[in-house]
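Chain residues, written in single-letter form:
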2 protein chains.
Amino acid sequence: MTTSTNKAIEGALKFSRLHRKQAVEKLHSFVRFPSVSVQSQHAQDVKNCGGWLAGQLQSIGMPRVFVVPTARHPIIYAERVVSKNAPTILIYGHYDVQPADPESAWTTPPFQPIVRDHYIYGRGASDDKGQLLTHVLALEAYLKTSRKLPVNVKCIFEGEEEIGSPNLEAFITRHRRRLLADAAVMSDTRMLGPDRPALTTSLRGALGFEIEVRGPRQDLHSGNFGGAVHNPLQALCEIIAKLHDENGRVTIPGFYDQVRSWDSDERMRMAKTGPSDSQIMDDGQFKMPWGETGFSLYERTTVRPALTVNGIVGGYQGPGGKAVIPSQAVAKISIRLVPDQNLSSIESSLISLIARLTPPTVRSRVIVLMRSEPASIERGHPTMEAAANAYHAGFGTAPVFVRSGGSIPVVAMFKRILGIPTVLMGFALPDDRIHAPNERFSLHNYFRGIDTNIHFLAEAGRVLRKRRAEKNGTHRKDR
Amino acid sequence: MTTSTNKAIEGALKFSRLHRKQAVEKLHSFVRFPSVSVQSQHAQDVKNCGGWLAGQLQSIGMPRVFVVPTARHPIIYAERVVSKNAPTILIYGHYDVQPADPESAWTTPPFQPIVRDHYIYGRGASDDKGQLLTHVLALEAYLKTSRKLPVNVKCIFEGEEEIGSPNLEAFITRHRRRLLADAAVMSDTRMLGPDRPALTTSLRGALGFEIEVRGPRQDLHSGNFGGAVHNPLQALCEIIAKLHDENGRVTIPGFYDQVRSWDSDERMRMAKTGPSDSQIMDDGQFKMPWGETGFSLYERTTVRPALTVNGIVGGYQGPGGKAVIPSQAVAKISIRLVPDQNLSSIESSLISLIARLTPPTVRSRVIVLMRSEPASIERGHPTMEAAANAYHAGFGTAPVFVRSGGSIPVVAMFKRILGIPTVLMGFALPDDRIHAPNERFSLHNYFRGIDTNIHFLAEAGRVLRKRRAEKNGTHRKDR
């Protein structure tokens, strides 16, 4: 690395160290927006949150910031070009969050962030507001000190990740040329532990849907009608009970047909580098494993598909009892898909299975809520080397490669439309309780994350320039 | 009947006819109280409603009215003694109501009663506020005209019927001597149609409970953990799916062992006088029967027991999806019991079944919410004759005997503690939507109900006096 680059890194790191208090204040402000993308009553909050983020980007010195409206929640786009020929990094993050419910299970209100024991608590603190800000603050550290970034930077911060990014593909397709880059980077994944950074190399896809079962035209008194009519809630349970067999396998016909199988080398590597069964049970605070026999829990949650009931709405939900047969019941379900399952064929197979499992005494329909393709990231890409070096500089230790069971729709889109890999360099911890009550983000990781991103931008510039030079050299030699 | 009795009836009927507007206004005021007994946030509303009712009883001329506090909601007690030796009728009703949810399914707000097409709409309009008031207004009609009632009257109006009358048994036991009567009467049951009055001769019992299934200590991200942990919501569905067999029978061991079987005469009588399958499907607005094979729908809902899932609470309930594995899930279930099932043994058999059906991957427990014994009423009791005559006078046609699938805990209590039968002389219609959104009560039945009760008090006095005279005669002869 050149001396000027080293000086720029030193200056940025120093700035970051001196502005930790402001960094925490910014995260407080960010978390305070209840930017719950799935709930229409929060649409204005999502918009306000995006506006706040755009303001931040402007104030740190990004010259071009756009608030791009979509059919639902705006995309915040910003860019800063160092030179036309410099390597380009596309930074992605999302400023929307999961619903906070059940709110009663929170120790402190989800949208009133608070710092306790070096953690900041609040919905979105970890997923993804805190992690997203590590990138913004890394950019700020450079721009406020050396006034120059080590690479060209383009930022896409969306407000619809938690609802499956329904409007992102159109945006990326429309602005394909403008978005061209060498690689994307995002921080929206987990490390293995406080000092165990991890580069995620695969994500599961997702198919989110509802099964709606309808019975009598209106709710009925269960004393007067109990025993004579098929209760939609009971029928729904009967359908759900048939979606897994006794070996924990999903019963959708053809579900496992295309699932990629891994050779013993890869499975051994996973066993060695990934979390053990007991680690996963500790992280999730459960005492007994469950699921598809013949696979480790790490495999079950990453390279094997799964089907989860996320919620059931039907009948009386209040305290005590109510003598009612509900007229309908709905289950919210999500399937996690892995390479090389075909999303569309799983979807149609699911729809026919539900129709077949529905007895003539009730009616049912499947409503698809979201679709996300599974994704894999090539470990050999130069930006993966840059990320490994950055983690080492930020956390003092080299990262391991891990697979994630989660879904981030944009990763497959970047690959398919822009032809670039996405570096999944996350700073979340396994017990951050993302999507759950009392979500939190370690301030330790927040600060280290900013530093890691400072290193990453410099490292990405270095390795990409080096790779280009090598390629050009090879080229010349070839001639 | 004596001329003075006839004059008293005529006077009361005329008063009732001239005060229909006031009767509707009173029902409006009564329904306006959201006296939802199961929801603690409505405790004060229940209390206010009871206070209003006590005020009504005082204002119509009942000399002794008591608001009796209980562990939860007060009992309103009133009495008027004509003479120590006169026959005594105990009038029962309940001023609490079912929850109004789902409130979004109501055309007009549940606690803002409104009259449309000669029906009054609102929660509790039919169950039981409108029906209860028919008794109060019949008493008023006598007291404001002849200043004398045809019988001694004692009124018990409770605020806990919809939660299984948990404090009523203690009250009846404590005040056993004060409550002594020849029979009880209540209007909290259905007729077969607008011109088809019906005397209910049996009620099912009820056992209300929750099954709570717990898994991981907190909600988990279903991407990160889906496939590795048994989802409590899925486990709950799997348990519920096993509570019925493929013939629609409940699988609790011994569940049907004590169920009273009826001979072909009684079954033919039921087939003849009770609603047909298609009538029940019309009333409930469903197109296909379901349940225990070998029995008519009328039998399934009255002389056969049933198990109904009344609600499930678990996971995400809002719009769209949420990638979560809930840490626990709860089903609210009620069993309807028939003679001669033993409530306690069914309860313990249920608890062991749930324990057996719970896989080692989750934990479960059963929480009993309410218990109510099944009840039968002897058709030959003189007050049943009085009720038949009163219906005939009020509706122009004789009632049929019907069985009900509902549960009214007090009926078995009156029998066991006071040794008296309860005349179930209801004015609800099958499509009153009790316990459901848009509950309503026919004003036609409201007015006819008041008149029927005016006749009933006189008729009850007549038949009970006659029966006593006969008994005394027999007595004398015996000597």
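Everything here concerns the structure above.
These lines cover the structure that appears in this document, whether it is placed above or below. Small disclaimer: the values here were computed from a predicted structure and weren't measured.

Comments concerning the overall build of chain A
Within chain A, the secondary structure is distributed over 15 helices and 18 strands. Taken over the C-alpha trace, chain A has a radius of gyration of 24 Å; the compact-globule value for 479 residues is 23 Å, and the two agree within 12%. Dimensions of chain A, computed from C-alpha atoms along their principal axes, come out at roughly 85 × 50 × 45 Å. Burial analysis of chain A (479 residues in total) assigns 63% to the buried set. Within chain A, contacts between residues separated by at least 24 positions form 81% of all contacts whose residues are at least 6 apart in sequence. For chain A, the accessible surface area stands at approximately 18100 Å², while carbon and sulfur atoms represent 49% of it. Counting 60 positive and 46 negative side-chain charges, chain A places the averaged centre of each group 7 Å from the other.

Thoughts on the environment of A:Glu169
All names here are of chain A. Along the chain, Glu169 turns up in helix α5 (residues 168–174). C-alpha separation for the pair Glu169 and Ile417, spaced 248 residues apart in sequence, amounts to 8.4 Å. What Glu169 contacts, discounting residues up to four positions off in sequence, is Met413, Arg416 and Ile417. Side chain to side chain, Glu169 and Arg416 meet in a polar contact 2.6 Å long.

Description of the relation of the copies chain A and chain B
Between chain A and chain B, which share one sequence, the superposing operator has a rotation angle of 180° and an axial displacement of 0.0 Å; the RMSD is 0.1 Å. Such values leave the two copies arranged in the relation of a two-fold axis. Of every C-alpha in chain A, the one belonging to A:Cys237 sits nearest the axis of rotation, 2.2 Å from it. A shared interface surface links the copies, since 100% of the contact residues of chain A are contact residues in chain B too.

With respect to the packing of aromatic side chains
Per the counting criterion, the structure on display carries 26 aromatic pairs over all chains. Centroid distance B:Phe30 to B:Trp52: 4.9 Å. Interplanar angle 25°. Geometry classified as stacked. Residue B:Phe30 is located in helix α2 (residues 20–32), and its partner B:Trp52 is located in helix α3 (residues 43–60); the two are separated by 22 residues in the primary sequence. Residue B:Phe30 is classed as buried on the basis of its relative accessible area, which comes to 0%. Within the aromatic cluster, the residues linked to one another by ring pairs are A:Phe30, A:Phe33 and A:Trp52. Above the face of the A:Phe30 ring, A:Lys129 is positioned so that its terminal group lies 5.4 Å from the ring centre. Positioned above the aromatic ring of B:Tyr119, the side-chain terminus of B:Arg440 is 3.7 Å from the ring centre.

What to know about helix α14 (residues 409–418) of chain B
All names here are of chain B. The buried count for α14 comes to eight of 10 residues, which makes it a mostly enclosed element. Where α14 is concerned, the buried positions are Pro409, Val410, Val411, Ala412, Met413, Phe414, Ile417 and Leu418. Gly419 sits one or two positions beyond α14 and adopts a positive phi of about 70°.

Topic: the packing of α2(B) against α3(B)
Residue and element names in this part refer to chain B. Here α2 crosses α3 at 155°, and the two axes come no closer than 9 Å. Classed by the angle they form, the pair α2 and α3 counts as roughly antiparallel. When α2 is examined against α3, the residues Lys26, Ser29 and Phe30 are found in contact with a partner set consisting of Cys49, Trp52, Leu53, Gln56 and Ile60. For the contact of α2 with α3, the per-class residue count stands at five nonpolar, two polar and one charged.

Notes on helix α8 (residues 232–241) of chain B
Residue and element names in this part refer to chain B. Most of α8 sits out of view: 10 of its 10 residues are buried. Where α8 is concerned, the buried positions are Pro232, Leu233, Gln234, Ala235, Leu236, Cys237, Glu238, Ile239, Ile240 and Ala241. Its side-chain oxygen placed 2.9 Å from the backbone nitrogen of Leu233, Asn231 serves as the N-cap of α8.

So, the sheet that holds strand β18 (residues 440–442) of chain B
All names here are of chain B. The antiparallel open sheet is built from three strands, whose spatial order is β4-β5-β18. In this open sheet, the two strands that pair with only one neighbour each are β4 (114–116) and β18. The average angle at which neighbouring strand axes cross in this sheet is 30°, direction not considered. Where strand β5 (residues 119–121) meets β18, three bridges bridge the pair, whose relative direction is antiparallel. Bridging from a neighbouring strand, Ile120 pairs with Phe441 of β18. This element, α2, spans β4, β5 and β18 of the sheet and lies at about 130° to β4.

Each value, and the rule that gives it
- Residues numbered from 1 in each chain as written.
- Chains lettered and ligands numbered in written order.
- Predicted model: local features only at pLDDT ≥ 70, side-chain atom pairs only at ≥ 80, totals over all residues.
- Heavy atoms only, no water.
- Helix = DSSP H or I, 4+ residues; strand = E, 2+ residues; numbered from the N terminus.
- Rg over C-alpha atoms; globule rule 2.2 N^0.38 Å.
- Buried < 20%, exposed > 50% of the residue type's maximum accessible area, 1.4 Å probe, protein only.
- Contact = heavy atoms within 4.5 Å.
- Areas by Shrake-Rupley, 256 points an atom, 1.4 Å probe, with all protein chains shown as cover.
- Lys, Arg positive; Asp, Glu negative; His and termini not counted.
- Charge placed at Lys NZ, Arg CZ, Asp CG, Glu CD.
- Polar contact = N/O pair within 3.5 Å; in protein donor to acceptor, adjacent residues only side chain to side chain.
- Least-squares fit on C-alpha atoms with pLDDT ≥ 70 in both.
- Phe/Tyr/Trp six-rings, centres within 6.5 Å; stacked < 30°, edge-to-face > 60°.
- Lys NZ or Arg CZ within 6 Å of the ring centre and 35° of its normal.
- Axes fitted to C-alpha atoms, helices over the stretch in contact; angles between N-to-C directions.
- Parallel < 35°, antiparallel > 145°, perpendicular 65-115°, else oblique.
- Nonpolar A, V, L, I, M, F, W, Y, C, P; charged D, E, K, R; others polar.
- Pairing = 2+ DSSP bridges.

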